[in-house]
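Read off the chains here:
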4 protein chains.
Amino acid sequence: MKPEKIPYSLNSKKVADATKEWLHKRGVTIDEIAELVMLLQKKYYPDLTLEECVHNVEKVLSKREVQNAVLTGIQLDILAEQGALISPLQEMIENDESLYGVDEVLAFSIVNVYGSIGFTNYGYVDKLKPGVLERLNDKNDEPTHTFLDDIVGAIAASASSRIAHRKQAEREKALGEESVGDGSTPE
Amino acid sequence: MKPEKIPYSLNSKKVADATKEWLHKRGVTIDEIAELVMLLQKKYYPDLTLEECVHNVEKVLSKREVQNAVLTGIQLDILAEQGALISPLQEMIENDESLYGVDEVLAFSIVNVYGSIGFTNYGYVDKLKPGVLERLNDKNDEPTHTFLDDIVGAIAASASSRIAHRKQAEREKALGEESVGDGSTPE
Amino acid sequence: MKPEKIPYSLNSKKVADATKEWLHKRGVTIDEIAELVMLLQKKYYPDLTLEECVHNVEKVLSKREVQNAVLTGIQLDILAEQGALISPLQEMIENDESLYGVDEVLAFSIVNVYGSIGFTNYGYVDKLKPGVLERLNDKNDEPTHTFLDDIVGAIAASASSRIAHRKQAEREKALGEESVGDGSTPE
Amino acid sequence: MKPEKIPYSLNSKKVADATKEWLHKRGVTIDEIAELVMLLQKKYYPDLTLEECVHNVEKVLSKREVQNAVLTGIQLDILAEQGALISPLQEMIENDESLYGVDEVLAFSIVNVYGSIGFTNYGYVDKLKPGVLERLNDKNDEPTHTFLDDIVGAIAASASSRIAHRKQAEREKALGEESVGDGSTPE
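Attention here is on the structure that accompanies the text. These numbers come from a predicted model, not from an experiment.

Topic: the overall build of chain A
Step number 1: Along its length, chain A carries nine helices and zero strands.
Step number 2: Written out in order from the N terminus, the α and β elements of chain A read α-α-α-α-α-α-α-α-α.
Step number 3: Taken along its principal axes, the extent of the C-alpha atoms in chain A is 60 × 50 × 25 Å.
Step number 4: Each of the 187 residues in chain A was classed as buried or not, and the buried ones make up 63%.
Step number 5: Once local pairs closer than 6 in sequence are excluded, the contacts in chain A between residues at least 24 apart make up 73%.
Step number 6: Carbon together with sulfur atoms contributes 50% to the accessible area of chain A, which is approximately 7400 Å² in total.
Step number 7: Placing the 21 positive and 32 negative side-chain charges of chain A at their respective mean positions leaves the two points 5 Å apart.

Some thoughts on the interface of chain B and chain A
Step number 1: At the junction of the two partners, chain B supplies 38 residues and chain A supplies 38 residues.
Step number 2: Interface of chain B and chain A: buried area, both sides summed, is about 3300 Å²; carbon and sulfur atoms make up 67% of it.
Step number 3: For chain B, the biggest contributors to the area lost against chain A are B:Tyr8, B:Gln75 and B:Ile86; these three give 18% of the whole.
Step number 4: Remark: the boundary between chain B and chain A carries eight residue pairs in polar contact (both at pLDDT 80 or more).
Step number 5: At the level of elements, helix H1 (12–25), helix H4 (64–81), helix H5 (89–94) and helix H6 (102–113) of chain B are the ones that each hand at least two residues to the side of chain B that touches chain A.
Step number 6: Tallying contributions element by element places H4(B) first for the side of chain B that touches chain A, with nine residues.
Step number 7: Considered class by class, the residues forming the side of chain B that touches chain A number 21 nonpolar, eight polar and nine charged.

Description of empty space enclosed by the protein
Step number 1: Here the structure, examined in full by the defined rule, presents five cavities of 30 Å³ or more.
Step number 2: Reported here for the largest cavity is a volume of approximately 480 Å³.
Step number 3: Looking at the largest cavity, it is lined by 31 residues, and the ones nearest its centre are A:Asn112, B:Asn112, C:Asn112, D:Phe108 and D:Asn112.
Step number 4: Mapped onto the lining of the largest cavity, the elements with two or more residues apiece are helix H6 (102–113) of chain A, H6 of chain B, helix H6 (102–113) of chain C together with helix H6 (102–113) of chain D.
Step number 5: Its residues assigned to classes, the lining of the largest cavity shows twelve nonpolar, 15 polar and four charged.

Description of the relation of the copies chain B and chain A
Step number 1: Note on the identical chains: chain B maps onto chain A by a rotation of 180° and an axial translation of 0.0 Å, with an RMSD of 0.0 Å. With respect to symmetry, the two chain copies, as superposed, fit the operation of a two-fold axis.
Step number 2: When the interface residues of chain B are mapped onto chain A, 100% of them again fall at the interface, so both copies present the same face.

Observations concerning unusual backbone geometry
Peptide bonds are trans in most cases, and residues, glycine excluded, mostly fall at negative phi.
All names here are of chain A.
Step number 1: Here the bond from Ser87 into Pro88 is cis, since omega is 5°, no more than 30 degrees from zero.
Step number 2: Its location among the elements puts Pro88 in the loop between helix H4 (64–81) and helix H5 (89–94).
Step number 3: One non-glycine residue, Asp96, adopts positive backbone phi at about 45°.
Step number 4: Within the element layout of this structure, Asp96 appears in the loop between H5 and H6.

Section: the packing of aromatic side chains
Each aromatic ring pair is described using two quantities: the centre-to-centre distance and the angle formed by the ring planes.
Step number 1: In total, this model carries 21 aromatic pairs over all chains according to the counting rule given.
Step number 2: With a centroid separation of 4.5 Å and an interplanar angle of 55°, the aromatic rings of A:Phe108 and C:Phe119 are classed as tilted. Here the residue A:Phe108 occupies a position in helix H6, and C:Phe119 occupies one in helix H7 (residues 119–128), the pair thus bridging two chains.
Step number 3: Exposure remark for A:Phe108: the relative accessible area of 5% places this residue in the buried category.
Step number 4: On the basis of relative accessible area, C:Phe119 is assigned to the buried category, the value being 5%.
Step number 5: Each member of the aromatic cluster is reached from another via a ring pair, and the members are A:Phe108, A:Phe119, A:Tyr122, C:Phe108, C:Phe119 and C:Tyr122.
Step number 6: When the ring centre of A:Trp22 is taken as origin, the NZ or CZ atom of A:Lys25, which lies over that ring, is 4.2 Å away.

What to know about helix H2 (residues 30–41) of chain D
Residues separated by three or four positions in an α-helix point in the same direction, a consequence of the helix having 3.6 residues per turn.
Step number 1: Between its first and last C-alpha atoms H2(D) spans 16 Å; for twelve residues at 1.5 Å apiece the expected length is 16 Å, and the two agree.
Step number 2: Among the residues of H2(D), D:Glu32, D:Ile33, D:Ala34, D:Leu36, D:Val37, D:Met38, D:Leu40 and D:Gln41 are the ones counted as buried.
Step number 3: Lining the buried residues of H2(D) we find helix H7 (119–128) of chain B together with helix H3 (50–61), helix H7 (119–128), helix H8 (132–136) and helix H9 (148–174) of chain D.

Some remarks on the pattern of salt bridges
Step number 1: One pass over the structure, following the stated rule, counts 36 salt bridges over all chains.
Step number 2: Notably, a salt bridge pairs D:Arg26 with D:Glu81, separated by 2.5 Å at the nearest N-O pair. Note that D:Arg26 is positioned in the loop between helix H1 (12–25) and H2 and D:Glu81 in helix H4 (residues 64–81), a separation of 55 residues in sequence.
Step number 3: On the basis of relative accessibility, which here comes to 37%, the residue D:Glu81 falls in the partly exposed class.
Step number 4: The residue D:Glu52 makes a salt bridge to D:Lys167 at a minimum N-O spacing of 2.8 Å. In this pair, D:Glu52 is assigned in helix H3 and D:Lys167 in helix H9, connecting sequence segments 115 residues apart.
Step number 5: Its relative accessible area of 24% is what places D:Glu52 among the partly exposed residues.
Step number 6: Through salt bridges with shared partners, one network takes in A:Asp126, A:Lys129, A:Asp149 and A:Asp150.

Thresholds, definitions, all that
Residues numbered from 1 in each chain as written. Chains lettered and ligands numbered in written order. Predicted model: local features only at pLDDT ≥ 70, side-chain atom pairs only at ≥ 80, totals over all residues. Heavy atoms only, no water. Helix = DSSP H or I, 4+ residues; strand = E, 2+ residues; numbered from the N terminus. Buried < 20%, exposed > 50% of the residue type's maximum accessible area, 1.4 Å probe, protein only. Contact = heavy atoms within 4.5 Å. Areas by Shrake-Rupley, 256 points an atom, 1.4 Å probe, with all protein chains shown as cover. Lys, Arg positive; Asp, Glu negative; His and termini not counted. Charge placed at Lys NZ, Arg CZ, Asp CG, Glu CD. Buried area = accessible area lost by both parts, 1.4 Å probe. Polar contact = N/O pair within 3.5 Å; in protein donor to acceptor, adjacent residues only side chain to side chain. Nonpolar A, V, L, I, M, F, W, Y, C, P; charged D, E, K, R; others polar. 1 Å grid on protein atoms, 1.4 Å probe; cavity = no way out; pocket = protein on both sides within 12 Å on 5 of 7 lines; lining within 4 Å. Points joined across faces, edges and corners; volume = space filled by probe spheres on them. Least-squares fit on C-alpha atoms with pLDDT ≥ 70 in both. Phe/Tyr/Trp six-rings, centres within 6.5 Å; stacked < 30°, edge-to-face > 60°. Lys NZ or Arg CZ within 6 Å of the ring centre and 35° of its normal. Expected span 1.5 Å × (residues − 1). Salt bridge = Lys/Arg side-chain N within 4 Å of Asp/Glu carboxyl O.

Read these as geometric descriptors, not functional statements.
Rendered as structure tokens:
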């Protein structure tokens, strides 16, 4: 019925690349997210390096579920900025309405992938808005980041969960305990 | 900075009205959702009337959390239809990509409001696509309903949960047991 | 085989009463939870009274979904205290193992009932452990509260969400806007 | 303060081993779960083998978040069987009370790890109770499986999600598309 159309076929690399590209276009660097991770985790792992944090953020960003949430959230932010949404969705997103929680819902779909241990970290950074989150949350600033600030907090919380799982695996390995293999820690 | 702008103030009635209006514009009637509820619940409550189902669907639709999900999901469907989304989000939503699960994430934010007992009903109707869901899910049809079919299933599952709670309250009342008051059943 | 058994029939009042009774037995008062709510909300509503906070906590506790989570969590705490769980579940709950997140999962089933706007408040109090949460989280103390501290935080976050919805309804009423009825705010 | 106690240190292998052991003791084989996966996925992947399904179930079971849910759920089933729970939690779990949804909450913490695309499969098998789920759900049977049937359904749904992600990666590789690396698919 739509014979001339090229059959749709998902290209995972396109989705992954678009995710990184749009985070960059919206002014968020991997390093800034890694600094949030450091803030959340340095207390528990004094030897943690920024490099490790960057690596873990990149691993989180390589997950399809995360990419879907990032792209959808940024898209809604952009459309709100352009005034292109139907009313009253336009006003709610544009003003980061406190009774509109779809931004938190998307953020949580990210946190869930790394398990429930990240719930607390997400809420904590989302409330205190340290580092990059303060800038994203600045309502006087032109761009709309209603979704992006929650999403960046969720990525940082997820990377923190990933580190907690990995560090435990390292600790057990150092103790000479029999390894349970790669699958025991989140990829 | 934007001195002439009227200060933003949420009007709940506008959000509620827009929800009903957009469901209607996208071709979904309250009666069709109520029929899904009937399909899910008649086995447990043989005396259940379509009128009761309609009433419970309307109660679900009166919740802000539900309204937010409905408006956001329909908005993304419309934009995908217009080809107005960034690539590859456009292709994923347009084609109801099976690895894109943000539609399920939004649907679940609806189901959650009425508690975990609705999880199963949601999955069941979302898989079998009975009644109105078959029409919404028809890929040959012009309009894009990637979000709407999941959302309608979630509303029906939530209304089913609401009925289960209410029927229990009625049963206890009939047994002459001391009532625990309105708060024990979801409003 | 169990011929003399009285057929099972849920009595909602029993579930509601047991919830209050067990919170009390585990040393948590409604007032303490209300104080957490006050801490979270006084910034937004300077006129908020402790009485209102108490009322909202009680409304949250009247929900079946919440009661189920409270009873299940307290039960697991008690069994861990008694050393009655299978290994290594015993050790994980007894020591509030950081990679064991079922306590957060149960807490989240509470928060979800009042929608996604409570996610942030939950994480915030769960991280900072103010007031009653500090006491519950004290590992030197005899009783095990691995589940209860998260659950109490979740109840406070839910009551905060409930207040946010109610206050908006009051504000609109004061502005003379047409009411959308009781259903628009969480019961 | 408790100086004579051996300091607690989580051993991941113990948690993983206990999970497998307890599934076995409760009468559930990996093969039976794999057959559920086959039932859910053979329509989409005609070449799917039972061996692949077994492998994916094992990968799901290697996740800590999954292990925590399995052990906690089985524990509550066993205690209900023994009549060792506080009333009315005892009666609710023993009778698989329809308004008690903590079993679904635990099941969902499993499904979430593999993303939202598994929500539908979970609800579907949980409603239809095919294969092993029919046996687990048999109320005449002695053992209590209030938690276990939902948990087994969740493991099968998660393994199905894992397969969907993997098959897409294979398809893209076969098309000669540039790989996005291991991270793009769930470990």
